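Spelled out, the chains give:
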Amino acid sequence: MEENDDAVNANTFRTNHEIKKLKQKLSNLIVEPNENVEEYALDEFITQVLDKKLKEDKEETEGLKELVGIRPPKNNPNNSLLKSSEPQDLTRSRGSSSAIGDSPITNNKVSQYNPFLTIPEDKLSEEEKKDVQFLIPKLQDCYVFYNEKKINPNSVGFVGNEITDAQTLACRDKFIYHYFGQIIQKSKHNSRNVNIPANLTVKLIISLLPASDLFRKVAALVTDTLAGITHTSLLIGQWKIEWFNTSLVSVKTSNHLAKETNAVAVIDLGELNSTEDIGAAFEAITDICLLYNCKKIYHNRNCNCQHFVTDIINKLTEINPKIAIPKQSSFQAYFNSLKRGDSERIYRYTETLLEIIKLETNKKDTYKNYYDKKEIVFNSRKEVDLFCYWLLSLGYFKTSEGAADYFLLKAFDRSFCLRSEDERTDVLIVEGEQCSFFTENGKGDDHSLKNIVYNTQDLTVQFPDRFL
């Protein structure tokens, strides 16, 4: 991605003609037909509303037994599992591995690591020295923010020393070891098992920002992003990675439930199936994180969390082409809804489903809530469960469109798993037993967001020898 002085991709700018058209749409939406509004006033409104709202972009958000007689498969049988892809060379956006030259991904024994270690200044490259100085004001502001919000800096991998933390965020060998290497070293046995295939899943988390529905619809007219006015992050194995308005990347790790109280969708993007691909992914993610830390300033419309996430996804697609934003019609309809400012977990009936419903009329009296409509909004896991068991009884998931819709509905289910305890546990109960649709045994807490499983086999990351 080409950079300018403001670290904003020029392609994200709208033309004056487009801005004029958007302003006209906005004017028609919020201004009475006979009311005169000066263009500068409308301009000021757009700027003030967007800046005020979007800069808050994440401050650390029975009797139906016949439907559940057959447990659904853990994964849709119509969806072929991702195959291991051949390793590919990765072109690094920042050249070689910082000042040490070689790739830090190795299969050598890993040294003991102390996060408080600081690299001697004479072992930093000139670019790294500049990047460290660029990061210090960011970190100082971030420390103030964390103190106000009572956030422990250790939760995002910081030690609270601006020089040490700046080096962690700016030096490639230290970043990749600090956030990935030492975690792999401490992983459980089954995360480093050479006798089972390597595996690392990639998920996109979409969360609501603290804004009204009206604001989302208005702001959507002047915003061109992947998922409208939302916050996006990635969950890659046990690593939750995101870009905030602190202009710093956040990398958190957990083997347990990664809470995201405002989540509305958790979308499976694919998986990495070899140590070569997983190593290449860690390096690509590191390069993008350093790029955003050291060269970019957060901007609500032109350099935000969605640009960051999209850049990482694009790099992962280069490593394994099967890792990508879903292109099926149901997902495209959902993303289009988000872009229009609709924040609900909304599922739109496909033509295939509507045709099945026409033929399957004997269930209409029992399940009248699902008939005579073309879309449905889910407000709980239980609602998702009931709807999916109904689709299963219709045989819909055996169709090509149903196979794709399975994963959109699963994305909605998983979003509740990241929310409050009440929302996570509100699953379908039949004769006293939990019957959660998207779990293998029906138990509401039997899912991969609570029990994160991955395997890097014998992959390790070289200790930054500049400490020695």
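Residues numbered from 1 in each chain as written. Predicted model: local features only at pLDDT ≥ 70, side-chain atom pairs only at ≥ 80, totals over all residues. Heavy atoms only, no water.

(A) A look at helix 4 (residues 162-170). A large share of helix 4 lies buried, amounting to seven of its nine residues. Those residues of helix 4 that fall on the buried side of the exposure criterion are Thr 164, Asp 165, Ala 166, Gln 167, Thr 168, Leu 169 and Ala 170. Where helix 4 is buried, its residues contact helix 3 (126-148), helix 5 (172-185) and helix 7 (275-295). Between a side-chain oxygen at the N-terminus of helix 4 and the backbone nitrogen of Ile 163 the separation is 3.0 Å; the capping residue is Asn 161. (Buried < 20%, exposed > 50% of the residue type's maximum accessible area, 1.4 Å probe, protein only. Helix = DSSP H or I, 4+ residues; strand = E, 2+ residues; numbered from the N terminus. Contact = heavy atoms within 4.5 Å. Polar contact = N/O pair within 3.5 Å; in protein donor to acceptor, adjacent residues only side chain to side chain.)

(B) Just the nonpolar core, in detail. In this structure, Ile 241 and Tyr 347 are the most contacted members of the largest nonpolar core, which totals 111 residues. For this core, the leading source of residues is helix 7, giving eleven residues. Here Tyr 347 is in contact with Leu 353, Lys 374, Glu 375, Ile 376, Phe 378, Phe 387, Tyr 396, Asp 405, Leu 408, Leu 409 and Phe 412, once residues within four sequence places are set aside. In terms of nonpolar packing, the next biggest core, distinct from the first, is built from seven residues, Ile 205, Leu 235, Cys 417 and Leu 449 among them. (Core = buried A, V, L, I, M, F, W, Y, C linked by side-chain atoms within 4.5 Å.)

(C) Inspection of the pattern of salt bridges at higher detail. One pass over the full model with this rule turns up 21 salt bridges. Salt-bridge contacts for Arg 424 lead to Glu 421; the nearest nitrogen and oxygen are separated by 2.4 Å. Here Arg 424 and its partner Glu 421 are both found in helix 13 (residues 421-425), three residues apart, which amounts to about one turn of the helix. Relative accessible area serves as the criterion here: at 47%, Glu 421 is assigned to the partly exposed category. (Salt bridge = Lys/Arg side-chain N within 4 Å of Asp/Glu carboxyl O.)

(D) Structural detail: the sheet that holds strand 5 (residues 249-253). An order of 5-4-3-2-6 is seen for the five strands of this open sheet, with the pairing classed as antiparallel. One side of each edge strand has no neighbouring strand; the edge strands of this open sheet are strand 5 and strand 6 (263-272). Recorded for the sheet is a direction-independent mean angle of 20° between the axes of neighbouring strands. Pairing geometry for strand 2 (residues 200-208) and strand 3 (residues 230-236), over seven bridges, is antiparallel. (Pairing = 2+ DSSP bridges. Axes fitted to C-alpha atoms, helices over the stretch in contact; angles between N-to-C directions.)

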